[in-house]
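# Tertiary structure, described
For reference, the chains in residue letters:
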Amino acid sequence: MKVLFVSSEVFPLIKTGGLADVSGSLPIALQRLGVDVRLLMPGYPAVLNKLTDLHEIAVLENLPVINTATLLMGVIKDTQVKVMVIQSASLYERDGGPYADANGMEWLDNPVRFGILSKVAAILSGANSPVKNWQPDIVHCNDWQTGLAPAYMKLVEQSPAKSMISLHNMAFQGCYAPTWLSTLALPRTNFTLEGFEYHGQLSFLKAGIFYADAITTVSPSYAKEIQTPAFGFGLEGLLSKRGDEIKGILNGIETDEWNPATDEYLIAKYSAEKLAGKKLVKRALQERLGLHIDADAPLLGIVSRLTHQKGLDMLVPIMQDLIDAGCQLALLGNGDTQLENAFRHIAINNLGRVSVTIGYNEPLSHQVMAGCDMFIMPSRFEPCGLNQLYGLAYGTPPIVNATGGLADSVIDTNIITYKNKTANGFVMSEASSASLLHCIKQALNIFKNDAAAWRQIQKNGMLQNLSWDKSALEYLAEYEKLVKPI
Ligand code: ADP
């Protein structure tokens, strides 16, 4: 089985969110199952710098706009995963992020940057591929950046390979003015409802959903939710037409990166059997963040994009209640300026109790995950969510809203789940400040008054198998269905 795994971000090369984690980990787990997988991604500066053994394998010709580009191949150092990289100085080699400049302004030529990514994926799967010795059976696309690949495969390249698109977040769709159709050499006849047209615009994500042979998303609950208006972001109609085919596969976590027993960013290691190290990590975190050193103060943790999706605005009005209840807060994140400022303000007024770090910081994200007592994630929608899984693995019970992958992975603590040892966190009854406060207070009650029960909840999460191996088997089963239809 040969799989071309196409993604705009791959950990540890470049990352803005969970997509990078999935694209970094799933190929490794697929490799372990004997799948011959190669990644395809844009040649961002960080990617060119971090790959080893990078060399040219082909010249790509007849591309829209840039005409030619170089196809390089390298490997990710520790995992030996092969990565094919599209090298184009004019498209990808610039300062800033993968989607926007340093000021957060989206690159105006994103339709070309990701149109080319999609186009190259299609070329590599077709008869005219310049890479003759490796032709994929499956092109596995991820999110809108790769959405045009299934369209190019079917409509232009007449590719014999099958395509799959995995939906990691319906909120991002890549919709652009129809003038891009001719620039990207897409057939205008397919710019219709039964094609890639969406309210008069060219939609990359709709193209992927419409033309892909298979659709997956990152949790069983999200697979159902996206077929409803509240979560489908306008594509619920199309998705519900293909409803039975949409397979929800919960993400795993990279246990080499996210394991408190081996985590290089922690001053002390710990495990479900030996939890003592967690106390040392908490102390070090309090010290680093300027919080009062207090082993007993419940330390709430957040690592997140600060956007409406993540629901952290619900925390702002209840912060005083939580501080009055003796809590501390360690927040790491960035996003909406207003929300950033609201949390900054709370921190300034509560020195020693509330720490707010605005920015992106990989080592600190591990330290927050490990050093805190509870992890707060009240997302309004959450396709899968990884941080709650990290919280489970690190003995930091997650407090979450009941949506998407959060609902599929966090089991609320009550008498029944406590007795049958499945309780691993706390689940809100609705997305509101009142419900969040109620839920955190339930957690605080156990944390403060019943150490043995708290330890049990921590252990239940830590002992779960959260690795990618199970999910990778499910992806393999989907690939097999495509290649050998029943
Ligand atoms: P999303 O992809 O919607 O942002 P996920 O929970 O699926 O949310 O994944 C987020 C990933 O990004 C996690 O690995 C998380 O640790 C990381 N992350 C988010 N914000 C930050 C930050 N400010 N600093 C470091 N890591 C972050």
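Summarised in this report is the structure supplied together with it.

This brings us to the sheet that holds strand E8 (residues 175–176). One open sheet accounts for three strands, arranged E8-E10-E9; its pairing is antiparallel. At either end of the open sheet lies a strand with only one pairing partner, and these are E8 and strand E9 (197–198). The pairing of E8 with strand E10 (residues 201–203) spans two bridges and is classified as antiparallel. By the bridge assignment, Cys175 is partnered in E10 with Ser203. Contacting E8, E9 and E10, helix H7 (residues 204–211) crosses the sheet at an angle of about 55° to E10.

Here the focus is helix H1 (residues 18–32). In a regular helix each residue adds 1.5 Å, so 15 residues correspond to 21 Å; H1 covers 21 Å between its end C-alpha atoms and thus fits that length. Buried residues dominate H1, accounting for 12 of its 15 residues. On its buried face, H1 is in contact with strand E1 (2–6), strand E2 (36–42), strand E6 (138–142), helix H15 (387–393) and helix H20 (468–483). Of the residues flanking the end of H1, it is Gly34, one or two places downstream, whose phi is positive at about 90°.

Quick look at the sheet that holds strand E13 (residues 299–306) now. In space, the six strands of this open sheet follow the order E15-E14-E13-E16-E17-E18, with parallel pairing throughout. Looking at strand neighbours, the two that pair on one side only are strand E15 (354–358) and strand E18 (426–428), the edges of this open sheet. In this sheet, adjacent strand axes meet at a mean angle of 20° when their direction is disregarded. Bridging between strand E14 (residues 328–335) and E15 involves five bridges; their strand directions are parallel.

Cut-off values and rules
- Residues numbered from 1 in each chain as written.
- Predicted model: local features only at pLDDT ≥ 70, side-chain atom pairs only at ≥ 80, totals over all residues.
- Heavy atoms only, no water.
- Pairing = 2+ DSSP bridges.
- Helix = DSSP H or I, 4+ residues; strand = E, 2+ residues; numbered from the N terminus.
- Contact = heavy atoms within 4.5 Å.
- Axes fitted to C-alpha atoms, helices over the stretch in contact; angles between N-to-C directions.
- Expected span 1.5 Å × (residues − 1).
- Buried < 20%, exposed > 50% of the residue type's maximum accessible area, 1.4 Å probe, protein only.

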